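# Structural features, examined
This is what each chain is made of:
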Amino acid sequence: MSSPPRRLKFGLIGLGRLGSIRARILATQQPRIDFVAACDTKPGSDKWVAENLPSSVNFFADPTDMLTNGGIEAVLISTATATHAPLIIQALDLGLHVMCEKPIATDVATTEQVLAKAATKPNQVFLIPFTKRYDASYVHTKQMLDAGTLGDVHAVETHNADQQEPNGFFVAFSALSGGIFVDVGIHDVDIARFYLQPKVGIANPKKQVKRVFAVGQQAVYGALANTGDADNGWGLVEFANGKVFNMHVGRTLKNGYESTTRVYGTKAHSLINGNSTINRVEIRDQYGVRTATTPDSFTLFNATFLTDIAEFAAAVLDGAPLTCSVEDAYEAAKIVTALQHSFRIGQPVYFDDEGRPIFEEAK
Ligand SMILES: NC(=O)c1ccc[n+]([C@@H]2O[C@H](COP(=O)([O-])OP(=O)(O)OC[C@H]3O[C@@H](n4cnc5c(N)ncnc54)[C@H](O)[C@@H]3O)[C@@H](O)[C@H]2O)c1
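Nothing here was measured: the structure is a model prediction, and the numbers come from that model.

### Some thoughts on the sheet that holds strand E4 (residues 74–77)
The strands that make up a sheet pair up through hydrogen bonds in the backbone, lying either parallel or antiparallel. As summarised here, the arrangement of the six strands in space is E3-E2-E1-E4-E5-E6, forming an open sheet in which the pairing is parallel. Looking at the sheet topology across the chains shown, the edges are occupied by strand E3 (58–60) and strand E6 (126–127). Pairing analysis gives six bridges linking strand E1 (residues 8–13) to strand E2 (residues 33–39), with the strands arranged parallel. Bridging from a neighbouring strand, Leu8 pairs with Ile33 of E2. Where helix H10 (residues 297–318) meets the sheet, it contacts E1, E2, E4, strand E5 (97–100) and E6, and its direction lies at approximately 135 degrees from that of E1.

### As for helix H1 (residues 17–28)
Along H1, the positions that sit buried rather than exposed are Gly19, Ser20, Arg22, Ala23 and Leu26. Looking straight down H1, one finds that the buried residues subtend no more than 160 degrees of arc, so they occupy a single side. Pointing more than 90 degrees away from the buried face of H1 are the exposed residues Arg17 and Thr28.

### Things to note about the domain arrangement of the protein
Under the domain assignment, the protein is made up of domain 1 (8–131) and domain 2 (132–300 + 325–350). Distance from the C-alpha centre of domain 1 to the C-alpha centre of domain 2: 26 Å. Between domain 1 and domain 2, the residue contacts involve 18 residues of the former and 19 residues of the latter. Of all the elements, helix H5 (residues 108–119) adds the most residues to the side of domain 1 that touches domain 2, at four residues. For the side of domain 1 that touches domain 2, a count of residues per class yields twelve nonpolar, four polar and two charged.

### Considerations on the pairing of strand E8 (residues 209–217)
Two faces, one strand: in a regular strand the side chains alternate between the faces of the sheet. In this sheet, strand E9 (residues 232–239) lies alongside E8 in antiparallel orientation, the contact comprising eight bridges. Among the inter-strand pairings, Val215 is bridged to a residue of E9, identified as Trp234.

### Thoughts on the packing of H5 against helix H11 (residues 326–345)
It is the contact of H5 with H11, at a shortest axis distance of 10 Å, that shows an interaxial angle of 170 degrees. Taken together, H5 and H11 sit at an angle that is classed as roughly antiparallel. For the pair formed by H5 and H11, the contact residues are Val108, Thr111, Leu115 and Ala118 on the first element and Val326, Tyr330, Ala333, Lys334 and Thr337 on the second. Along the lines of polarity and charge, the residues of the contact of H5 with H11 split into six nonpolar, two polar and one charged.

### A short note on the environment of Lys121
Inspection of the secondary structure puts Lys121 in the loop between H5 and E6. A residue is classified by how many C-beta atoms lie within 10 Å of it, and Lys121, with 16 of them, is partly exposed.

### Quick look at the site of the ligand
Close contacts around the ligand come from 23 residues, with Gly14, Gly16, Leu18, Lys42 and Glu101 the closest. A total of three residues in the shell around the ligand trace back to one element, the largest contributor, which is H1. Of the residues belonging to the shell around the ligand, the class tally is seven nonpolar, ten polar and six charged.

### Structural notes on the UniProt feature "domain: Gfo/Idh/MocA-like oxidoreductase C-terminal" (unreviewed entry) in the protein
Annotation from UniProt places "domain: Gfo/Idh/MocA-like oxidoreductase C-terminal" (unreviewed entry) at residues 142–349. Across residues 142–349, helical content stands at 35% and strand content at 27%; the span's end C-alpha atoms are separated by 29 Å.

Rules used in this analysis
Residues numbered from 1 in each chain as written. Predicted model: local features only at pLDDT ≥ 70, side-chain atom pairs only at ≥ 80, totals over all residues. Pairing = 2+ DSSP bridges. Helix = DSSP H or I, 4+ residues; strand = E, 2+ residues; numbered from the N terminus. Contact = placed C-beta atoms within 7 Å. Axes fitted to C-alpha atoms, helices over the stretch in contact; angles between N-to-C directions. Buried ≥ 20, exposed ≤ 12 C-beta atoms within 10 Å, placed from the backbone. Arc of directions from axis to C-beta. Domains from an automatic or database assignment. Nonpolar A, V, L, I, M, F, W, Y, C, P; charged D, E, K, R; others polar. Parallel < 35°, antiparallel > 145°, perpendicular 65-115°, else oblique. Near = placed C-beta within 6 Å. UniProt positions renumbered as here; feature names shortened; annotations may be inferred.

In structure tokens:
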């Protein structure tokens, strides 16, 4: 009789907006994972775990305690961005496989420290899953590009905007998130890199970006000025291979969440989520023809949260390949921190021959 397939003993740190969704998926919909430990430092988290997760999931109030004594082989870190780096390094040093929400850190130097640590642990899986890469429409677009359907792809344009939040959650979150370009824009930068292949056609593979420029506004949430942040931002990236990426990121829509991606080729262009409607139902009334907008990114990307964890489990258990590389996370991090800096100083940011952004002061 064959033995049952091996399952991965798994822990989760962070049970906030995203982590609570991750926890439910880990507990119920992951056939190759034994979800055995969950941690959050927030008071009341023990009660949330007891009420929402199976009794087989042990609660830990201290991450070090969970990483050391949780009986886990792998961990998903879903805490605020500024806390990622020390947790990743600690988990890697304890011999664990690590999956962590984007971005690795809010600055380039800390990102590089994490990557240096990961490089010393080649037998441990380390995944930063960029949500869009696990979404069927984005995967389909990449397949079209690879088949030449759009011709030579020369530019990508994205619009990625959240609904206004009455509590302005992200205003308090801003100091820990790195700002709108780092926190939101990293998804768009990553998918643009996926489509524009900035390493192809250049003499120096380290220097993939020529320059970036960003502007932004505090259209609704004036307090964001205190952290050098914006509620609407526009970013332009000129890659060294001549390709161009242009994005709008925002947090002030009234109708819901919109995330569109346009890929321009010489034969055709493609558009993902041209109308961010939640379904195909139209309401026809005194206002005309209306559809309901997807309320938030979590709704749209629920399915991708299934796929990326399954991929991570297969990488650990079977040595299967990962969709996102650590290099992708590094390159995207450099671009978004450069965009955030450009917005703050009001000037373009250039990249040096090592491929690092040159962070000058405002002139
Ligand atoms: N892939 C995506 O599309 C996506 C979407 C949203 C958020 N994120 C990322 O997920 C992360 C979490 O975002 P969120 O919106 O859930 O934040 P959140 O603030 O709602 O939740 C974070 C939770 O982590 C806990 N926490 C913080 N530090 C901790 C520590 N050291 N040990 C244990 N618990 C700790 C907090 O108490 C909180 O409950 C962020 O890095 C964010 O960038 C990714």
